[in-house]
Amino acid sequence: MPSPYGNERTVSKLVSELEDAEKLSSRGRAYGRVCYLSHSDKRVVSWKFNEWDYGKKNITLPCNARGLFISDDVNNPVIVARGYDKFFNIGEVNFTKWEWIEENCTGPYDVTVKANGCIIFISGLKDGTLVVCSKHSTGPREDVDRNHAEAGEKHLLKQLADKNVNPNDFARMLYDYNITAVAEYCDDSFEEHILEYPLEKAGLYLHGVNVNESEFETWDIKDVSELARTYGFKRIESFPMNSLEDLRKLLDHCSTKGSFQGQEIEGFVIRCHLKNNGKPFFFKYKFEEPYLMYRQWREVTKDYICNKSRVFRFRKHKFITNKYLDFVIPILESSPKMCEDYMRGFGVIELRNKFLESYGMSGLEILNHEKVAELELKNAINYDKVDEHTKFLIFPISVIGCGKTTTSQTLINLFPKTWGHIQNDDITGKDKSQLMKKSLELLAKEEMKCVIVDRNNHQFRERKQLFEWIDELKEDYLAYDTNVKVIGASFAPSDKLSEIKDITMQRVINRGNNHQSIKFDELGEKKVVGIMSGFLKRYQPINLDRSPDNMFDLMIELDFGEQDSSLANAKQILNEIHKAYPILIPDVPTDNEIDKAFKKSLEYKPTVRKIIGRGNGNQPKTPKLIKPTYISANIQNSEEIIDLVRQAVTDNTELLQKFEELLANGKFQKDLHITLGHVMSSREKEGKKLWKLYCERYNDQITEYNNNKYTEKNENLCNNQTKLIKTTDELKFSLKKLCWDEKIIAVVVTLPGGEEGCLIDVNGDTVKGLVCQNEVPHITLCKLNSSVKAVYSNVLCQKAESTEVNDKNVKVFKLNKTKEFCASVYLNF
């Protein structure tokens with residue numbers, strides 16, 4: 001082994017730089033955490049940085065170590081344990097591009113197989129105390145359900161005993177050499193990852209030995225292997241490559257297969273040296289597959305266990321993932337214990353292997369390009385099959401006044417539990433696809449068989465748009481193998497357009513204002529005639545010989561008559577669907593039942609008003625006073641809160657990985673806030689008085705908003721769907737707990753003031769009586785399920801605040817309470 005390191009160990013300058021970096025607000029900020037050692041009264045400080053700060057040109061960190069533990073000694077601090085300098089995947093940053101490596105690095109290139117477990121740092125103190133750390137902590141912890149450092153130490157003591165090595169002697173050796181042994185703890189009985197490590201393969205895989213100093217110095221891999229042999233570590237497979245060209249050929253070859261020497265591996269770590277100073281340089285080459293596929297299977301399994309849904313948003317490996325779900329769902333349904341274990345991270349690999357065995361292919365074989373055609377064939381869906389699982393959508397093709405809504409209401413009155421109706425005129429936002437999203441969301445309900453997608457669809461492009469939305473959105477709401485049949489109902493025959501114009505005009509006049517958008521009494525005859533004439537001019541009748549009309553599974557071409565045409569239309573639709581799809585309508589309702597449903601449809605009144613024009617000045621002059629929907633304290637330094645949350649889950653590898661995935665995929669709320677009061681609370685006896693106090697407090701801003709004195713240029717008014725008006729009040733708060741279950745991630749916060757009031761005015765005085773409406777003040781960070789309402793955060797946070805959390809799916813972590821945050825109070829219209 002190399003000679004012991006004998007230079008001065010103290011790192012006072014580094015500690016000073018770290019403490020300075022701890023005061024930064026964002027970029028380059030350091031985070032220090034005091035850790036108590038398990039076998040000593042001494043303490044160490046764990047230092048870390050945000051992952052995205054490493055390797056940035058415009059950020060200089062005091063130390064690039066990923067994992068850094070320094071003794072808590074004001075006068076003579078020393079590095080107790082040190083990880084590698086953060087290294088990156090090939091092509092991930094500029095200095096891991098092949099051309100940069102070729103220009104700046106020199107061989108030999110030591111290639112090591114990348115282990116798949118949790119990293120463990122092992123070092124020693126002068127008195128022979130053994131120090132074992134996870135990535136960012138050591139010693140006992142109460143805020144995690146799985147202590148990686150303690151598990152790693154337990155295994156280390158066993159392996160040292162097998163070698164008849166005294167742990168104190170091993171610790172002194174590490175101290176004398178001033179080194180940290182860096183290992184990967186791989187053991188499925190403790191924590192499963194992606195690769196399989198059964199009992200015979202479990203252990204501490206030693207892959208590095210680092211010198212405990214600020215600048216990165218590490219032992220050659222041959223010396224690492226020697227230390228592993230001496231002290232009973234499992235050795236990482238490694239081999240040298242002398243030329244960069246040969247290295248690239250090897251990596252490219254392994255990447256296409258997703259394996260090395262017939263074994264699934266995560267990838268390689270490559271060690272070489274910089275040409276200019278001889279310093280060590282590391283980079284990694286990670287395989288995308290089969291790990292992407294395996295992680296996807298793990299996520300869909302957890303989602304099914306939590307939500308009983310097999311709908312997923314992954315676009316890759318769609319066929320095989322659905323085949324996997326076909327196999328595992330019956331197993332999960334028959335074993336609640338397996339579901340419980342799976343959510344704790346156990347049985348993941350076993351279930352995956354059972355599926356692969358039943359399917360008759362390995363993960364690598366599935367990914368082999370030659371198998372793709374076979375795979376698609378095995379998983380193809382028979383879209384011609386119509387059975388009890390088939391669902392239906394009905395698209396009207398119409399112009400205004402043809403009676404499509406009355407006909408639709410008649411049909412859903414006949415089948416109120418199994419038929420639904422979504423009206424385009426009820427969609428008031430800018431996202432036009434909400435029409436299809438809401439229709440599919442309704443169709444996804446177990447009892448729902450048919451949904452009428454109520455829009456005029458009077459042009460080819462509108463019909464084409466509907467089919468495109470189905471293709472794009474269907475699997476976000478329905479299981480992949482759900483066969484959806486699309487029925488068209490043409491209300492306006494092309495040979496009767498002149499007759500249709502006269503009749504529909506009279507209908508619009510007769511119904512007056514009983515329509516979401518065409519308010520005859522307000523718009524006036526001239527405006528209404530113009531709108532309806534425009535529709536008729538643009539109308540493109542059904543043409544079953546061209547796209548998209550040839551994509552309908554059934555087209556019902558309705559006649560058009562003056563008297564009770566909606567009643568006749570309903571009867572014709574019922575009869576034709578009964579003939580084509582008796583699974584949807586086994587028996588046509590009687591004339592008496594249809595008449596009753598039709599009369600009920602005539603009582604229908606629209607509840608949403610859709611503004612399509614200003615009218616002729618007849619509309620009301622004094623609109624109803626608009627009040628805020630809710631009042632919030634909007635947080636400016638959201639990144640800092642996200643960082644503190646990340647720190648809380650650092651030692652839970654599975655949650656940390658999930659956290660980073662959610663963050664990278666933009667799942668976290670962009671603008672964090674604490675809800676102080678909501679208009680819905682005014683409907684409850686307890687909340688009515690509080691909401692009134694809020695509205696009285698901000699009466700001036702509410703009045704100005706209603707008088708349109710705020711414009712888009714006003715700095716206090718944001719130009720988006722929710723209008724925000726900033727007040728002069730502020731809220732001080734601190735973080736208390738992180739709450740995480742299968743539906744939502746939230747943070748419980750502590751507010752000052754108690755019942756007196758939590759808000760502070762511009763003079764720094766407490767605003768009397770204004771408290772948080774929620775029993776447990778909180779911040780909603782992330783919705784893990786799109787169907788979950790944000791209000792569910794109340795339920796989760798109340799569970800977390802209870803004296804004993806009985807729900808095993810709820811994970812609670814303590815947060816840093818010392819830091820005080822400030823948020824500005826906004827009105828949300």
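From a predicted model like this one, the values you see are computed outputs, not experimental measurements. (Residues numbered from 1 in each chain as written. Predicted model: local features only at pLDDT ≥ 70, side-chain atom pairs only at ≥ 80, totals over all residues. Heavy atoms only, no water.)

Draft legend 1. Main features of the packing of helix α7 (residues 291–307) against helix α8 (residues 318–334). It is the contact of α7 with α8, at a shortest axis distance of 10 Å, that shows an interaxial angle of 40 degrees. As far as their axial angle goes, α8 and α7 are oblique. You can see that α7 and α8 cross each other, and the crossing is right-handed. Residues M293, Q296, W297, V300, T301, Y304 and I305 of α7 form the contact with α8, whose participating residues are I320, T321, Y324, L325, I329, L332 and E333. Across the contact of α7 with α8, the residue classes tally to 10 nonpolar, three polar and one charged. (Axes fitted to C-alpha atoms, helices over the stretch in contact; angles between N-to-C directions. Helix = DSSP H or I, 4+ residues; strand = E, 2+ residues; numbered from the N terminus. Parallel < 35°, antiparallel > 145°, perpendicular 65-115°, else oblique. Left-handed = near helix turned anticlockwise from the far one by under 90°. Contact = heavy atoms within 4.5 Å. Nonpolar A, V, L, I, M, F, W, Y, C, P; charged D, E, K, R; others polar.)

Draft legend 2. Examining the nonpolar core more closely. Counting residues in each nonpolar core, the largest one holds 56 residues, and the members touching the most others are L393, F395, W419, M436 and I577. Leave out the neighbours within four places in its chain, and L393 touches M436, L440, L443, V451, V453, I470, V484, K485, V486 and I487. (Core = buried A, V, L, I, M, F, W, Y, C linked by side-chain atoms within 4.5 Å. Buried < 20%, exposed > 50% of the residue type's maximum accessible area, 1.4 Å probe, protein only.)

Draft legend 3. Seen up close, the sheet that holds strand β3 (residues 68–71). Strands sit in the order β1-β2-β3-β4 across an open sheet of four strands; the sheet is antiparallel. Each end of this open sheet is capped by a strand with a single partner; those strands are β1 (30–36) and β4 (79–82). Here the average twist between neighbouring strands, direction ignored, is 25 degrees. Across four bridges, strand β2 (residues 43–49) lies against β3 in antiparallel orientation. The partner of V45 across the bridge, within β3, is I70. Sheet contacts for helix α1 (residues 12–22): β1, β2, β3 and β4; angle to β3, the most-contacted strand, approximately 115 degrees. (Pairing = 2+ DSSP bridges.)

Draft legend 4. Region of interest: the sheet that holds strand β16 (residues 391–397). The sheet built from five strands is open, its strands ordered β17-β18-β16-β19-β20 with parallel pairing. Both edges of this open sheet fall to β17 (419–423) and β20 (554–557), since each of them pairs with a single strand only. Ignoring strand direction, the axes of neighbouring strands in this sheet form an average angle of 20 degrees. Across seven bridges, the pairing between β16 and strand β19 (residues 484–490) is parallel. Counted as the bridge partner of I394 is I487 from β19. Sitting on the sheet, helix α15 (residues 460–477) touches β16, β18 (450–454) and β19, and the angle it makes with β16 is about 160 degrees.

Draft legend 5. Up close: the UniProt feature "active site" (unreviewed entry) in the chain. What UniProt calls "active site" (unreviewed entry) maps, in this numbering, to K114. Looking at the secondary structure, you find K114 in the loop between β5 (105–113) and β6 (118–124). Assessed through its relative accessible area of 18%, K114 is described here as buried. Excluding residues that lie within four positions of it along the chain, K114 makes contacts with E266, G267, F268, V269, K284 and K286. (UniProt positions renumbered as here; feature names shortened; annotations may be inferred.)

Draft legend 6. Fine view of the side chain of Q423. Relative to the assigned elements, Q423 resides in strand β17. What makes Q423 buried here is its relative accessible area of 6%. Within the structure, Q423 has its side chain in polar contact with the side chain of T405 (distance 3.5 Å). (Polar contact = N/O pair within 3.5 Å; in protein donor to acceptor, adjacent residues only side chain to side chain.)

Draft legend 7. Examining helix α22 (residues 653–664) more closely. Relative to the 16 Å expected for 12 residues at 1.5 Å per residue, α22 spans 16 Å between its end C-alpha atoms, a close match to the ideal helical length. Elements in contact with the buried residues of α22: α21 (638–648), β23 (724–740), β24 (744–750), β26 (778–783) and β27 (811–814). Just beyond α22, the residue with positive phi is G666, at close to 70 degrees. (Expected span 1.5 Å × (residues − 1).)

Draft legend 8. Spatial organisation of helix α25 (residues 792–801). All of the buried residues along α25 are Y792, S793, N794, L796, C797 and A800. Where α25 is buried, its residues touch β23, β24, β26 and β27.

Draft legend 9. The arrangement of the side chain of R352 in detail. If you trace the backbone, R352 turns up in helix α10 (residues 348–359). Lacking a salt bridge, the buried R352 has E264 as its closest oppositely charged neighbour, with an N-O distance of 4.9 Å. Not counting chain neighbours up to four residues away, the residues in contact with R352 comprise I194, Y294, W297 and Y324. (Lys, Arg positive; Asp, Glu negative; His and termini not counted. Salt bridge = Lys/Arg side-chain N within 4 Å of Asp/Glu carboxyl O.)

Draft legend 10. Up close: the packing of helix α14 (residues 434–443) against α15. At a minimum axis separation of 9 Å, α14 and α15 run at an interaxial angle of 45 degrees. As judged from the angle between their axes, α14 and α15 are oblique. As for how α14 packs across α15, the hand of that crossing is right-handed. Contacts from L435, M436, K437, L440 and E441 of α14 reach α15 at L466, W469, I470, L473, K474 and Y477. When its residues are assigned to classes, the contact of α14 with α15 shows eight nonpolar, no polar and three charged.

Draft legend 11. Here's a closer look at unusual backbone geometry. Cis geometry marks the peptide bond from E289 to P290; its omega dihedral reads 5 degrees. Along the chain, P290 turns up in the loop between β15 (280–286) and α7. In this model, S547 is joined to P548 through a cis peptide bond whose omega is 10 degrees. One can find P548 in the loop between α18 (525–538) and β20. Unlike most non-glycine residues, N164 shows phi in positive territory, near 55 degrees. Here N164 shows up in the loop between α3 (148–162) and α4 (167–177). Residue classification places N164 among the exposed positions, given a relative accessible area of 74%. A positive phi is found at N457, a non-glycine position, where the angle reads about 50 degrees. Examined against the element boundaries, N457 turns out to sit in the loop between β18 and α15. Since its relative accessible area comes to 0%, N457 is described here as buried.

Draft legend 12. Fine view of the environment of K737. Residue position: K737 is located in strand β23. Setting aside residues up to four positions removed in sequence, K737 forms contacts with A746, V747, V748, A800, E801, V812, F813 and L815. Among the polar contacts made by the side chain of K737, one reaches the side chain of E801 at a distance of 3.0 Å.

Draft legend 13. Molecular detail of the packing of aromatic side chains. Taken as a whole and assessed by the stated rule, the structure comprises 35 aromatic pairs. Residues Y84 and F87 carry aromatic rings whose centres are separated by 5.9 Å and whose planes lie at 65 degrees to one another, so their mutual orientation is edge-to-face. Pair check on accessibility: Y84 and F87 agree, each one buried. Ring pairing ties together the aromatic residues F88, F95, W98, W100, F281 and F283, which thus form one cluster. In this structure, R352 packs its charged tip against the face of Y294, placed 3.9 Å from the ring centre. (Phe/Tyr/Trp six-rings, centres within 6.5 Å; stacked < 30°, edge-to-face > 60°. Lys NZ or Arg CZ within 6 Å of the ring centre and 35° of its normal.)

Draft legend 14. Representation of the state of the cysteines in the model. Tallied over the full model, the rule gives zero disulfides. Free cysteine: C797, not disulfide-bonded; nearest cysteine sulfur from C739 at 4.3 Å. (Disulfide = S-S within 2.5 Å.)

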